Structures are given as structure tokens and as C-alpha cells.
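Below are the chains, spelled out letter by letter.
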Amino acid sequence: MVSNYKDKKRIEINTNEVQGWIDGKFKLADFTTMGQTLLHRYYPTIFKSPAQKTENNQFQFELNTRLVDPFFPLFYPALTGFNNSKIRGEFNDSVQQFS
């Protein structure tokens, strides 16, 4: 489900494996660049800084998993341990905050 109100958006997902939402000001087109920026911040020798900068993205998110470990070998075989997990956080690129 996707909803808009004023200048904010909300996207929700609800499947057998994952339930989650993202709520706030964001552009979906910026997500790749935001991910690259975060990876570069924590692993600068491995990931290059993106050429573009993002602006005006400020949102909260939550992701609740169920039985997801069987899917990770499709993308990254060594990744396990995310069954029945809860990931919650906020992002604000104007102050370079991710928590």
C-alpha cells in the first residue's frame, strides 16, 4: 500500500515473510544513492562515495521478518540469522543521520 499526505509518503508491505513500512519525506529514486552513501561511511575502503548527493529525505522505517533465511542464499549465501527479526530506524540526509 502506498499513501501520500501533504509532502509525506507511506509505503507498507505485508507478506508471509516480511511486514514493514517506511514513512516520511523520501524519493524512491534516491534509495540506491542513500545506500551507497551509508556503505561508504562505514566501509570507505570497500565502497566508493556516490557521485550524486541526496537531499530532503527524512523518514522512519520498520521491518519485521518471519521465515526469511531460506531466501538469503539466492543473494548472499553466508548471510543467516534474520528469522523473526525487527529492524527499526530513521534516516535524515540533511544532517547525515542514520540510526
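The following refers to the structure shown. (Residues numbered from 1 in each chain as written. Predicted model: local features only at pLDDT ≥ 70, side-chain atom pairs only at ≥ 80, totals over all residues. Heavy atoms only, no water.)

### Some details on the packing of aromatic side chains
- Enumeration over the complete set of coordinates arrives at nine aromatic pairs.
- Taking 5.4 Å as the distance between ring centres and 25° as the angle between the ring planes, the aromatic pair formed by F59 and F91 counts as stacked. Taken together, the residues F59 in strand β4 (residues 58-65) and F91 in strand β5 (residues 86-92) connect sequence positions 32 residues apart.
- Residue F59 is classed as buried on the basis of its relative accessible area of 7%.
- Through pairs of rings, three or more aromatic residues link up here, namely F26, F31, F59, F61, F91 and F98.
- The ring of F26 has K9 sitting right over it, with the charged end atom 5.4 Å from the ring centre. (Phe/Tyr/Trp six-rings, centres within 6.5 Å; stacked < 30°, edge-to-face > 60°. Helix = DSSP H or I, 4+ residues; strand = E, 2+ residues; numbered from the N terminus. Buried < 20%, exposed > 50% of the residue type's maximum accessible area, 1.4 Å probe, protein only. Lys NZ or Arg CZ within 6 Å of the ring centre and 35° of its normal.)

### Some thoughts on helix α1 (residues 31-42)
- An ideal rise of 1.5 Å per residue puts 16 Å on twelve residues; α1 measures up with 17 Å between its terminal C-alpha atoms.
- Burial in α1 covers these residues: T33, M34 and L38. The arc that holds the buried residues of α1, viewed along the axis, is 135°, so those residues lie on one side.
- Its buried side turned inward, α1 meets β4, β5 and β6 (97-98). (Expected span 1.5 Å × (residues − 1). Arc of directions from axis to C-beta. Contact = heavy atoms within 4.5 Å.)

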